[in-house]
Amino acid sequence: MVQDKEGVLPPQNRRTASDGLWIKCEKCQELVYRREWERLLQVCPHCRYYSQLTAKERIAFLLDKASFKEHDKDLKPTDPLGFKDSKTYKKRLAQAQKKTGLFDATITGEGQLGGHKVAIGALDFGFMGGSMGTVVGEKITRIIEKATKRRLPLILVSSSGGARMQEGVFSLMQMVKTSSAIAWFKEKGGLYISILTHPTTGGVTASFASLGDIIIAEPKTLIGFAGPRVIEKTIKESLPEGFQRAEFLLKHGLIDMIVERHHLRKVLIQILDFFKSEKCPL
Ligand SMILES: [Zn+2]
């Protein structure tokens, strides 16, 4: 897995290579008229490359207009270990906060989707690679608990490099916390739809992202725990073509479906309609 200086997968928020009327696709370098690119939900019409959406963009395009009510907006991260590598954790947090306008790497809340009330959360890869520290874990857990209490369908959209190493064991504890909350949610009969977007890796894959009743991925999404290089070195074998991509994982039963971004909202509404209808055997 490629890592940049920040210790996470390379940020994909590089898409605005040209500000103004045109966007340069970061994959094929073709120019796309900005309005067209926005209409296509930031998918390149030339090469079908999926730019990453911010958590805010993701929630805005999935939910019914103006229906979102954000929860726990003001939860702020601390620096429990006084961590420092090439930069202090405090400095990294300040930079990420300035870049994204968020206190940490997730937005959670409630809204309507095709008229259905839902609890929703999305990770923001632009904030330290969407990594899960105590604030991300706490916000995700709280939204799961609210969904349990209010009997709402739960939708979580992942995009993450994994656990946040700067918070050490505190970040690893979030895997247990979020997974336990999901177990309780399911015990109470809740419906959880997990959406995996590029990339979903590490401690997020190994916890709530893989626990959906229905797991949906966007095309070509990288999904895994450790990166392919680490696995190849460990097992001393080369990996098959397309290993850890959504298409490979669909074939091997790890995910339930791959949905193009422009169909995602429609598919979610169909699923929510079905589970509410009399046809649903549950
Ligand atoms: Zn392109």
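Look a little higher up for the structure.
This report concerns the structure included in the present document. Just so you know, the residues in each chain are numbered from 1, in the order the chain's sequence is written. The predicted nature of this model means local features are confined to residues of pLDDT at least 70 and side-chain atom pairs, given and counted, to a pLDDT of 80 or more, with totals for whole chains, interfaces and linings taken over all residues.

Moving on to the overall build of the protein. Strands here mean DSSP runs of E at least two residues long; helices mean DSSP runs of H or I at least four residues long; both are numbered from the N terminus. Counting its regular elements, the protein contains nine helices and nine strands. Note that the radius of gyration is over C-alpha atoms, with the globule rule given as 2.2 Å times the number of residues to the power 0.38. Against the globule reference of 19 Å for 282 residues, the protein gives a C-alpha radius of gyration of 18 Å, in line with a compact fold. Its C-alpha atoms give the protein principal-axis dimensions of about 55 × 45 × 45 Å. In this scheme the burial state of a residue depends on its C-beta neighbours within 10 Å: 20 or more other such atoms mean buried, 12 or fewer mean exposed, and anything in between means partly exposed; the C-beta positions come from the backbone. With 282 residues in all, the protein has 39% of them scored as buried. Throughout, a residue-residue contact means that the two C-beta atoms, derived from backbone geometry, are no farther apart than 7 Å. For the protein, restricting intrachain contacts to residue pairs at least 6 apart in sequence, the fraction spanning at least 24 positions comes to 67%.

The omega angle of the peptide bond from H198 to P199 is -15°, so this bond is cis rather than trans. Structurally, the position occupied by P199 is in strand β7 (residues 192-200). A positive phi angle, close to 45°, is found at M128, a residue other than glycine. Position of M128 relative to the elements: it lies in the loop between β5 (116-123) and α4 (134-150). Judged by local crowding, M128 falls into the buried class, with 30 C-beta atoms found within 10 Å. Positive phi outside glycine occurs at Q244, with the angle close to 75°. With respect to the element layout, Q244 can be found in the loop between α7 (228-235) and α8 (246-251). You can call Q244 buried: it has 22 C-beta atoms within 10 Å.

On to the nonpolar core. Counting residues in hydrophobic clusters, the biggest one holds 53 residues, and the most contacted among them are I144, L154, I155 and I193. Looking at which element gives the most residues to this core, the answer is α4, with six residues. If sequence neighbours within four positions are ignored, L154 has contacts with A119, I144, A147, F185, G190, L191 and Y192. Throughout this description, the term nonpolar core refers to a group of buried Ala, Val, Leu, Ile, Met, Phe, Trp, Tyr and Cys residues whose C-beta atoms join them within 7 Å.

On to the packing of α4 against helix α5 (residues 168-187). Axis geometry follows a simple rule: fit a line to the C-alpha atoms, using only the stretch in contact for helices, then measure angles between N-to-C directions, giving values from 0 to 180 degrees. Following both chains from N to C, one finds α4 and α5 inclined at 5°, their axes separated by 9 Å at the closest point. Of the possible angle classes, the one that applies to α4 and α5 is roughly parallel. Across from T134, V136, G137, I140, T141, I144, E145, A147 and T148 in α4, the residues of α5 making contact are F170, S171, Q174, K177, T178, A181, I182, W184 and F185. As a working rule, the residues Ala, Val, Leu, Ile, Met, Phe, Trp, Tyr, Cys and Pro are called nonpolar, Asp, Glu, Lys and Arg charged, and the rest polar, with Gly in that last group. For the contact of α4 with α5, the residue count by class is nine nonpolar, seven polar and two charged. Reported orientations rely on four angle classes, namely roughly parallel under 35 degrees, roughly antiparallel over 145, roughly perpendicular from 65 to 115, and oblique for the rest.

For the rest of this paragraph, the subject is the environment of A246. Structurally, A246 can be placed in helix α8. Residue classification places A246 among the buried positions, given that 26 C-beta atoms sit within 10 Å. The spacing of A246 and H198 is 48 residues in sequence and 9.3 Å in space, taken between C-alpha atoms. In contact with A246, other than residues within four places in its own chain, are A217, E218, P219, K220, T221, I223, I255 and I258.

Either a parallel or an antiparallel arrangement is found when strands of a sheet pair, and the pairing is made through backbone hydrogen bonds. Strand order in this open sheet of seven strands is β3-β4-β5-β6-β7-β8-β9, and the pairing throughout is mixed. Either end of the sheet is taken by a strand with one partner, and the two such strands are β3 (69-71) and β9 (257-258). Note: two strands are recorded as paired if DSSP finds a minimum of 2 bridges between them. Both strand β8 (residues 214-217) and β9 contribute to a ladder of two bridges, which runs parallel. Bridge pairing in β9 links A217 to I258.

What follows covers helix α2 (residues 55-62). Buried within α2 are the following residues: A55, R58, I59 and L62. Seen end-on, α2 carries its buried residues on one side only, within an arc spanning 95°. The inward-facing, buried residues of α2 contact β4 (106-113), β5, β6 (154-160) and α9 (261-276). Working definition: the arc comes from the directions between the helix axis and the C-beta atoms, pointing outward to the latter.

Here we take up the pairing of β7. The element β7 is extensively covered by neighbouring structure, given that nine of its nine residues are classed as buried. Crossovers are described as right-handed under a simple rule: with the strands pointing away from the observer, the path leading from the first strand over the helix to the second runs clockwise. A crossover connection joins β6 to the parallel β7 through α5; in handedness this β-α-β unit is right-handed. Bridge count between β7 and β8: four bridges; the pairing is parallel. Bridging across to β8, S194 finds its partner in I215.

Glancing now at helix α3 (residues 89-100). The terminal C-alpha atoms of α3 lie 16 Å apart, and with 12 residues this matches the ideal 16 Å at 1.5 Å per residue to within 8%. Residues Y89, R92, L93, A96 and T100 constitute the buried set of α3. End-on view of α3: buried residues confined to an arc of 100°, all on one side of the axis. Exposed and facing more than 90 degrees away from the buried side of α3 are K91, A94 and K98. Looking one or two residues past α3, G101 carries a phi angle of roughly 75°, positive in sign. The span you would expect from a helix comes to 1.5 Å times its residue count less one.

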